[in-house]
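One letter stands for each residue in the lines below.
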Amino acid sequence: MSSRIVKIFDTTLRDGEQSPGASLNIEEKIAIAKQLEKLGVDVIEAGFAAASPGDFEAINTIAKTIKNSTIASLSRTVKPDIEKALEAIKPASRKRLHTFIATSPIHVEKKLKMSYEAVLEAAVEAVKYARNGCEEVEFSAEDATRSDWDYLCKVVESVINAGASVVNLPDTVGYTTPVEYADLIKYIKNNVPNIDKAEISVHCHNDLGMAVANSLSAVLAGADQIECTINGIGERAGNASLEEIVMAIKIRNDIYKVSTNINTKEIYRASRLVSKLTGIDIQRNKAIVGKNAFAHEAGIHQDGVIKEKSTYEIMKPEDVGIDSSSLVLGKHSGKHGLEKRLIELGYQLTKEQIEDIFEKFKVLADKKKEVYDEDLHALVEDKIKFSPSLYEIVSLQVSSGTNITPTATIKLSKNGEIFEDAALGDGPVDAVYKALERITFVKGQLKFYEIKSITESREALGEAIVKVYFANIDKNILGRGVATDVIEASAKAYLDAINKALMYI
Ligand SMILES: [Zn+2]
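Everything numeric here is computed off the predicted structure, so don't read it as measured data.

### With respect to helix H13 (residues 335-344)
Buried residues of H13: Leu338, Arg341 and Leu342, and no others. With its buried residues spanning 100° around the axis, H13 presents them on a single face. Structural note: H13 exposes His336, Lys340 and Ile343 on the side pointing more than 90 degrees away from its buried face. At its buried positions, H13 is contacted by helix H14 (351-368) and helix H15 (373-383). Positive backbone phi, at 95°, marks Gly346, one or two positions downstream of H13.

### A look at the UniProt feature "binding site: Mn(2+)" (unreviewed entry) in the protein
UniProt feature "binding site: Mn(2+)" (unreviewed entry): in the numbering of this structure it lies at Asp15, His203, His205 and Asn239. Spanning 225 residues, the named residues form one tight spatial group whose C-alpha atoms are at most 10.4 Å apart. Among the secondary structure elements, His203 is positioned in strand S7 (residues 199-203). The exposure class assigned to His203 is buried, which follows from its relative accessible area of 5%. If we skip the residues at most four places from it in the chain, His203 touches Thr11, Arg14, Asp15, Asn168, Leu169, Pro170, Asp171, Tyr181, Glu227 and Asn239. Within the secondary structure, Asn239 is located in the loop between strand S8 (225-228) and helix H9 (242-251). Asn239 sits in the buried class, given a relative accessible area of 2%.

### Observations regarding the pairing of strand S2 (residues 43-48)
Among the six residues in S2, six count as buried, and that is most of the element. Relative to S2, strand S1 (residues 7-10) runs parallel, the two being bridged by two bridges. Bridging across to S2, Phe9 finds its partner in Val43. As paired strands, S2 and strand S3 (residues 70-76) are joined by five bridges and run parallel to one another. Each bridged residue has a counterpart across the sheet, and for Glu45 the counterpart in S3 is Ala72.

Thresholds applied
- Residues numbered from 1 in each chain as written.
- Predicted model: local features only at pLDDT ≥ 70, side-chain atom pairs only at ≥ 80, totals over all residues.
- Heavy atoms only, no water.
- Buried < 20%, exposed > 50% of the residue type's maximum accessible area, 1.4 Å probe, protein only.
- Helix = DSSP H or I, 4+ residues; strand = E, 2+ residues; numbered from the N terminus.
- Arc of directions from axis to C-beta.
- Contact = heavy atoms within 4.5 Å.
- UniProt positions renumbered as here; feature names shortened; annotations may be inferred.
- Pairing = 2+ DSSP bridges.

Next comes the structure, spelled out in structure tokens:
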């Protein structure tokens, strides 16, 4: 292992959450933050405190909960923003204030409509002000890669003098290339006299598919910190993907000659969690964490891997926390066997949760004989909800067919009370959704509906994902449900979204 450590600054909860369609509630953000801590990231950017009271509360709660990673909040260079961010990160055992202003001609002249002197002054004043409330201040020169290099040097030198200990040079619009970006880092290192007093950070977007390559090129040029997200989610085409950066540094240590503090065995779990909670699927052929990343299809490849794994595998699935053992549970598997497997899959569950999952496991094993790890993940994820289940389904009856009007009759419970109603619909799912709305008095607009099977068999568990717009709270909310019956899964998903929406009312 190499001695120089490159810090991993994760911005899944800030830049990642700005992905179109991703919107996380506070419990979900805390769950992700805990997994990022387990993963060993150096810095968790928990949000943008001044954006909304919800963002503030999430950062504040994460700051109270997380002990081993630094907690950062983003802020513009204006005082009220900085004050909110300082207040939000206050309880953290390690904290960082992250302030930014754009430095490129197009941003300064067209967006900020400020003079270059005024931008420089705003940057310096913000860093000074932030330093009063926080030891560690990071400054970002937004759109650095389209800025004038000499002006950038002047800004960097000034903010370091003002007390910034980390200087970030973001490729905000995903415009740079590996060689150009390395040249910029070298230029800054050679032309900013006090650069040894600060760490250089990089933050790359993937508009031209080069975010990871640009970040790694910057490491070779001497960057100290990489800003990235799980699964590469983020604004537009996303950010540099944490798992790709970390594994490239690990596998090609001969080239990069640095290491990270990441526990790579937690990568897969982090990837799954972020995908589930944001509703953003991971493409099958995604490097490191995609479904096909370790699958060998061609006969020649399969033959090679059987003889010697390294013929076609440059890393082991276990290295990123994908368990490759083909252990399959069945209906004769006992509670002990299930519990052991759940622990091997990395879940720490209470006795009651295991009891409950065992009941569901038995029902599932009866229906589909062989129960795979994917099924277990789904059962656990269905059980561990990040929102209170206000309403729960007691029973569901649907009749539909070619010549009848679909009808759904649903019984729900809420705090021990039973509610029942029925509705007609254009299809069985529509009938179910109308019945749910009649019982809960919550009306939504279905924006997205998807159903997929978790494993490849006819008896497989079906997972329904919905995105519902609730006009009364002006929010799009994601709902998920798992069941062997696809109508039941669809009902659970819609009710999940309704339960989440009720938290805002
Ligand atoms: Zn960004």
